[in-house]
Amino acid sequence: MCYDAQIRPGIPVSIAEETKGVDFGQKIITGMKRKYVLFTAFVGMMTTFAPVQGQTQRTEKPPLHGKHWMAITGKPLAATAGAQLFHQGGNAIDAACAMLAATCTMWDVLSWGGETQALIYHPKLKKVIAINALGVAPTGATVDFFRSKGYEFPPEYGPLAAVTPGTPGGLCYMLAQYGTKSLAEVLAPALEMAAGYPIDAQTANSIERGKERIKEWPYSKKVFLVHQGTEREAPEAGELFVQQDLLQTLTKLVEAEKKALAAGKDRKTAIMAAYDRFYKGDIADEFVRGSKEQGGLITKEDLANWKPIEEEPLHVNYKGIDVYKLQEWTQGPAMLQSLQLLKNFDLKSMGYNSAPYIHTIYQVMNLAFADRDFYYGDPYFKPKAPIQGLLSESYAKARAATIDPQQNNPQVLPGDPYPYEGKKNPFAKLLQQRSKQFTPDTESKKDFVPKHDANSTSSLLSLPDTALWASLATDSVYMDRLLRGTTSVEAADAEGWVVSITPSGGWLPACIAGNTGVGMSQRLQSFVLDSLINPFNVVAPGKRPRVTLTPALALKEGKPYLSFAVQGGDTQDQNLLQFFLNTVEFGMTPQQASEAPNINSNQLWLSLGGTKIDDRKPRAGSLLLDKRTPKEVVEKLKTMGYSIQFGERNSGPINAIYFDQQHGTLWGGSSNNGEDYGIGW
């Protein structure tokens, strides 16, 4: 099924009507202004993609509309949890926290021991607030410790991969400060799910595929492998998945809140009493005991000393729109740098997803990610990143001037933003040494699929379309990878509250800490052990790693314009950048923009996966395209120095809310890549 094209406010109807309901096939319609770039999906799919300036396109999933509220996240059941809180009179913070709790309980694809990153628009203060609920490296997590075990990066899995849990604290803080409901009300859907919910096929199959690793950890084995000794030891799809240990942990949080209320404490204090029980009470005791039993480093003091931080976000203005991202402990500023760079190019004249357009986006992203890979890190530790220089228009203009419009640059290096802050670069010699020691891998790898693009199908794309679809239908491993990643949470209400969250950590296969039912984070792997790679992101106890998790909010004329986020490791800000351009430059609705074909670059240092330098080095010219990209575009890009892979639905999945100020309504978009789901009213 496909859904009729819709026109976003401000897009001329006459232009949209030119292509409404017309299937132009897989080709480019050229004209004096290259107005139309259209694609047709594979056999058996009737959707026509027409992602172009000033016109509409049909979508596989229906656009969402709401007058009062919108709730979107990675699973239908979790979106329903958000809707429940809205129906009970809660605001967007309440609903977002309910969705966050539900996704953690469903392991989509995170756990209660992971991390939470959020942007909140406060309608009364008329400002964007940032929430940093990322855990820190535990006591003993030093460069010498990991090197003594033969690592070049911290490990990917197990208790030694864990930072301290951030999600419970982040949820409690957001709810206490900006929500209206009690913790008991917000956790009610998650409690019911922990008591038993029908598990989805993707999660169940992920457990089965990772069962050998799960068997290494006794508490994980107890929770996940419910049919031990049989051929399939994981739950079946649709089977009631019961998590008694997690149910007890969540119940303890609610009990702590109720006890505080009974003692006459106010709502905020009562919620934070639950927080204290997790980080300083009996839950903390069991978490630490279970972690240490399995070889982990986290101590009771590590938990007690950790706190979520409310911060000022970073932002830039692009064509009258203020785009907000979290600080440089995330990769978020890379999107802001990209937007500053793109101010120096006329994207519309290039044509949507033409070879010049793709080339420009790729080169801009490479410049931004080269800076990310060297300069970003925890701003609460020294050295302090030169973020003012990195985000300056003058620096962006100088960097943009280095782009060759005809050829990929395989040797993109970090720039020098310090002069744009009136300073001298203290790492000039280190940068010279780095450029000599770490050269990008320029070997052509036609079948290479980067870790963060594990949903691509390069090994299958030589098959005819019919054989390809048959392979996809029977390849459960591929389908599981297609839907794997972290998740995102988007919520908005009629009062004006807006929430954008990208939570993660503790994904399957996860090591559960004792009898808490809480999966431990794996985010420690995003640190480096060698300052030559990034002197700002070297592991140290109490420090936060530079993460890929990066929600986004945009305001226009001081009012909410877009709230958007996506899963996908290092591709997150690549996909969010293109989603934003789809809406701003090419007039797409959120649903159209979330389904439109994106490109991904792998010419960057990977933030996740692999414990050796060669696992993570940039792969120069590695470009992931949508399978539907016209042949003439592909051939042109090959002449520009690109090694091309293809994938299905390279858009995310992105979840987004657009604020229709003209009509006072909400538009929602949820990508057709995965199980992401939204509900509006």
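Worth saying up front: this structure is predicted, and the values here are computed from it rather than measured. (Residues numbered from 1 in each chain as written. Predicted model: local features only at pLDDT ≥ 70, side-chain atom pairs only at ≥ 80, totals over all residues. Heavy atoms only, no water.)

A.B. asks: A description of the overall build of the protein chain should follow, citing residues and the corresponding values.
C.D. replies: Assigned secondary structure in the protein chain consists of 25 helices and 22 strands. Of all 681 residues assigned to the protein chain, the portion counted as buried reaches 65%. Within the protein chain, residue pairs in contact and separated by at least 24 positions form 72% of the contacts whose partners lie at least 6 positions apart. Taken as a whole, the protein chain presents about 23,700 Å² of accessible surface, with 52% of it coming from carbon and sulfur. (Helix = DSSP H or I, 4+ residues; strand = E, 2+ residues; numbered from the N terminus. Buried < 20%, exposed > 50% of the residue type's maximum accessible area, 1.4 Å probe, protein only. Contact = heavy atoms within 4.5 Å. Areas by Shrake-Rupley, 256 points an atom, 1.4 Å probe, with all protein chains shown as cover.)

A.B. asks: Any chance you could break down the nonpolar core for me, citing the residues and the numbers?
C.D. replies: If you look at the biggest cluster of nonpolar residues, it comprises 92 residues, and the most contacted ones within it are Leu339, Val539, Phe564, Phe580, Leu581, Leu623 and Leu637. Looking at which element gives the most residues to this core, the answer is helix α16 (residues 355-375), with 13 residues. (Core = buried A, V, L, I, M, F, W, Y, C linked by side-chain atoms within 4.5 Å.)

A.B. asks: Which residues make up the state of the cysteines, and what are the values?
C.D. replies: Note on terminology: a disulfide is the covalent bond linking the sulfur atoms of two cysteines. Counted under the stated rule, the structure contains 0 disulfides. Between Cys97, a free cysteine, and Cys172, which holds the nearest cysteine sulfur, the sulfur-to-sulfur gap is 8.4 Å. Residue classification places Cys97 among the buried positions, given a relative accessible area of 1%. Classification of Cys172 by relative accessible area gives buried; the value is 4%. (Disulfide = S-S within 2.5 Å.)

A.B. asks: Outline the packing of helix α11 (residues 267-280) against helix α12 (residues 282-293), listing residues and values.
C.D. replies: Look at α11 against α12: their axes get within 4 Å of each other, and the N-to-C directions meet at 30°. By the angle between their directions, the pair α11 and α12 is classed as roughly parallel. α11 and α12 meet at a crossing whose hand is right-handed. Where α11 abuts α12, its residues Arg277, Phe278, Tyr279 and Lys280 lie against Asp282, Ile283 and Ala284. (Axes fitted to C-alpha atoms, helices over the stretch in contact; angles between N-to-C directions. Parallel < 35°, antiparallel > 145°, perpendicular 65-115°, else oblique. Left-handed = near helix turned anticlockwise from the far one by under 90°.)

A.B. asks: A description of the sheet that holds strand β17 (residues 600-601) should follow, citing residues and the corresponding values.
C.D. replies: Pairing between the strands of a sheet comes from backbone hydrogen bonds, and it takes one of two forms, parallel or antiparallel. One open sheet accounts for 3 strands, arranged β17-β18-β19; its pairing is mixed. Among the strands making up the open sheet, the edge pair consists of β17 and β19 (643-647). Judged from the 5 bridges that link them, strand β18 (residues 622-626) and β19 form a sheet pairing that is parallel. When the bridges of β19 are listed, Leu625 appears paired with Phe646. (Pairing = 2+ DSSP bridges.)

A.B. asks: I'd like a rundown of the environment of Ser651, residues and numbers included.
C.D. replies: Mapped onto the fold, Ser651 is located in the loop between β19 and β20 (654-660). In sequence terms Ser651 and Glu595 are 56 residues apart; their C-alpha atoms lie 6.0 Å from each other. Non-local contacts of Ser651, meaning those with residues more than four positions away in its chain, are made with Val566, Asn575, Ser594, Glu595, Ala596, Asn598, Ser671, Asn672 and Asn673. A distance of 3.1 Å separates the side chain of Ser651 from the side chain of Ser671, its partner in a polar contact. (Polar contact = N/O pair within 3.5 Å; in protein donor to acceptor, adjacent residues only side chain to side chain.)

A.B. asks: Describe the packing of helix α2 (residues 76-87) against helix α3 (residues 92-105), naming the residues involved and giving the relevant values.
C.D. replies: Their axes nearest at 8 Å, the elements α2 and α3 cross at an angle of 150°. Judged on the interaxial angle alone, α3 and α2 are roughly antiparallel. As for the relative orientation of α2 and α3, their crossing is right-handed in sense. Packed against α2, whose contacting residues are Ala78, Ala79, Ala81, Gly82, Leu85 and Phe86, the element α3 presents Ala92, Asp94, Ala95, Ala98, Met99, Ala102 and Thr103 at the interface. The class makeup of the residues in the contact of α2 with α3 is 10 nonpolar, 2 polar and 1 charged. (Nonpolar A, V, L, I, M, F, W, Y, C, P; charged D, E, K, R; others polar.)

A.B. asks: Tell me about the sheet that holds strand β4 (residues 64-66), and please be specific about residues and values.
C.D. replies: Read across the sheet, 7 strands follow the order β4-β21-β20-β16-β15-β12-β11 without closing on themselves; strand pairing throughout is antiparallel. Edge positions in the sheet fall to β4 and β11 (314-318), since each of these pairs with one other strand and no more. Between one strand axis and the next, the sheet turns by 20° as a mean value, whatever way the strands run. Here β11 pairs with strand β12 (residues 321-325) via 5 bridges, running antiparallel. Of the residues in β12, the one forming a bridge with Val316 is Val323. Relative to strand β16 (residues 559-566), helix α22 (residues 572-584) is tilted by about 140°, and along the sheet it contacts β11, β12, β15 (552-556), β16 and β20.

A.B. asks: Residue-level account of the side chain of Gln337, with values.
C.D. replies: Structurally, the position occupied by Gln337 is in helix α14 (residues 333-342). The buried category is assigned to Gln337, whose relative accessible area is 3%. Sequence-distant contacts of Gln337, defined by excluding residues within four places in its chain, comprise Ala368, Asp371, Tyr376, Leu390, Leu391 and Tyr395.

A.B. asks: Please set out the side chain of Gln522 residue by residue, giving values where relevant.
C.D. replies: In this structure, Gln522 sits in the loop between β14 (498-501) and β15. Residue class for Gln522 comes out buried when judged on its relative accessible area of 1%. Within the local environment of Gln522, its side chain forms a polar contact with the backbone oxygen of Trp507, the two atoms lying 2.7 Å apart. For Gln522, the residues in contact, after removing those within four places along its chain, are Glu156, Tyr157, Ala161, Gly505, Gly506, Trp507, Pro509 and Ala510.

A.B. asks: I'd like a description of the pattern of salt bridges, backed by residues and values.
C.D. replies: One pass over the full model with this rule turns up 30 salt bridges. The salt bridge involving Lys75 is made with Asp200; its shortest N-O contact spans 2.8 Å. Of this pair, Lys75 sits in the loop between β5 (69-73) and α2 while Asp200 sits in the loop between β8 (197-198) and α7 (201-209); the two residues are 125 residues apart in sequence, bridging distant segments of the chain. As a salt-bridge pair, Glu293 and Arg289 come within 2.7 Å of each other at their nearest N and O atoms. (Salt bridge = Lys/Arg side-chain N within 4 Å of Asp/Glu carboxyl O.)

A.B. asks: I'd like a rundown of the environment of Leu391, residues and numbers included.
C.D. replies: The residue Leu391 is located in the loop between α17 (387-390) and α18 (393-400) in this model. When the C-alpha atoms of Leu391 and Val316 are compared, they prove to be 7.7 Å apart, with 75 residues separating the residues in sequence. If sequence neighbours within four positions are ignored, Leu391 has contacts with Leu314, Val316, Pro333, Leu336, Gln337 and Gln340.

Interpretation in functional terms is not warranted from these geometric data alone.
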